[in-house]
Amino acid sequence: MTPPSPAPTPPAPASLTARLNAPARFLLGLGILMAFAALGQALVGALHLPLPGSVVGMALLWAALGTGLVRLHWIADAADGLLGILGLLFVPATVGFLQFLGAGAAWGLWLLVMTAALLLGAGAAGLLASRLLRPEGSPDHPERP
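Keep in mind that this is a model prediction, so the values were computed, not measured.

Draft legend 1. Quick look at the overall build of the chain. The number of helices and strands found in the chain is 8 helices and 0 strands. Starting at the N terminus, the α and β elements of the chain follow one another as α-α-α-α-α-α-α-α. Taken across its 145 residues, the chain has 12% of its residues classed as buried. Residue pairs at least 24 apart in sequence account for 46% of intrachain contacts in the chain once pairs closer than 6 positions are excluded. Carbon and sulfur atoms make up 76% of the accessible area of the chain, which totals about 11700 Å².

Dropping the structure here:
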């Protein structure tokens, strides 16, 4: 005779956010995202950090998601909605960039110098790394005393 099977466990109750309708979930997620953006701005202002407040807020949100203080499904609807209009969010930045496009011509020489310095530094670092990382069996490996 076989032993009786255990009683099936009841399904876990759905979370509060899963029971909300779509507009309420969107507003909840948007509120959380805006709260982290505002917190980042406040920290940058209070601590005089040389970073954009939105970047600090995003780092705080990432930490909160990683530690479980904020659940991904809380902000998923708002994040998807914002990603849908992401191109539209770049319009003010593009207009601001175009306003200062004439100033870039005066900086052309400096941009050329910085690009050359970057390429020279990266090339020197690459050559140095390739020399230091040669396998010991290769014929051009430097001998160690």
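That shown, we press on.
Draft legend 2. Inspection of the nonpolar core at higher detail. Counting residues in each nonpolar core, the largest one holds 8 residues, listed as Ile-32, Leu-33, Phe-36, Leu-61, Ala-64, Val-70, Ile-75 and Ala-78. For this core, the leading source of residues is helix α2 (residues 22-47), giving 3 residues. In this structure, Ala-78 is in contact with Phe-26, Gly-29, Leu-30 and Leu-33, ignoring residues within four places of it in sequence.

Draft legend 3. Quick look at unusual backbone geometry. Phi is positive for His-48, which is not a glycine, with a value near 55 degrees. With respect to the element layout, His-48 can be found in the loop between α2 and α3 (53-67).

Draft legend 4. Just the packing of α2 against α3, in detail. Interhelical geometry of α2 versus α3 gives an angle of 125 degrees and a closest axis separation of 7 Å. Taken together, the axes of α2 and α3 are oblique relative to one another. Where α2 crosses over α3, the handedness of that crossing is right-handed. Each of Leu-33, Phe-36, Ala-37, Leu-39, Gly-40, Gln-41, Leu-43 and Val-44 in α2 lies in contact with α3, whose residues at this interface are Gly-53, Ser-54, Val-56, Gly-57, Leu-60, Leu-61 and Ala-64. Residue classes in the contact of α2 with α3 are distributed as 10 nonpolar, 5 polar and no charged.

Draft legend 5. Up close: α2. In this model, α2 (26 residues) spans 37 Å end to end at C-alpha, consistent with the 38 Å of a helix rising 1.5 Å per residue. Taken residue by residue, α2 has Gly-29, Ile-32, Leu-33, Phe-36, Gly-40 and Val-44 as its buried positions. Where α2 is buried, its residues touch α3 and α4 (72-84). One side-chain oxygen of the residue at the start of α2 lies 3.2 Å from the amide nitrogen of Ala-24, identifying that residue as Asn-21. Among the residues trailing α2, His-48 stands out with phi positive, at a value near 55 degrees.

How each quantity is defined
- Counting restarts for each chain, with residues numbered from 1 along the sequence as it is written.
- Only residues with pLDDT of 70 or above have their local features reported here, since the model is predicted, and side-chain atom pairs are shown and tallied only from 80 upward, although totals for entire chains, interfaces and linings are computed over all residues.
- Each side-chain value is derived from all of the structure's non-hydrogen atoms; neither hydrogens nor water enter the calculation.
- Secondary structure elements are defined from DSSP: runs of H or I of at least 4 residues count as helices, runs of E of at least 2 residues count as strands, and each element is numbered from the N terminus.
- Classification of residues uses two cut-offs on accessible area relative to the type maximum, computed with a 1.4 Å probe and protein chains only: under 20% is buried, over 50% is exposed, and between them is partly exposed.
- The contact criterion used is simple: two residues touch if any of their non-hydrogen atoms lie within 4.5 Å.
- To be clear on the numbers: accessible area is Shrake-Rupley with a 1.4 Å probe, and residue cover counts the displayed protein chains and nothing else.
- Remark: nonpolar core denotes a set of buried residues (Ala, Val, Leu, Ile, Met, Phe, Trp, Tyr, Cys) joined through side-chain atoms within 4.5 Å.
- Axis geometry follows a simple rule: fit a line to the C-alpha atoms, using only the stretch in contact for helices, then measure angles between N-to-C directions, giving values from 0 to 180 degrees.
- Here the angle decides the label: under 35 degrees means roughly parallel, over 145 means roughly antiparallel, 65 to 115 means roughly perpendicular, and every other value means oblique.
- Rotating anticlockwise by less than a right angle from the far helix to the near helix defines a left-handed crossing, while the corresponding clockwise rotation defines a right-handed one.
- Each residue gets one of three labels, nonpolar for Ala, Val, Leu, Ile, Met, Phe, Trp, Tyr, Cys and Pro, charged for Asp, Glu, Lys and Arg, and polar for the others, Gly among them.
- One less than the number of residues in a helix, times 1.5 Å, gives the span that helix is expected to have.
- The definition of a polar contact used here is a pair of N or O atoms within 3.5 Å, where within protein one atom must be able to donate a hydrogen and the other to accept one, and adjacent residues in sequence count solely through side-chain atom pairs.

Geometric values such as these leave the question of function open.
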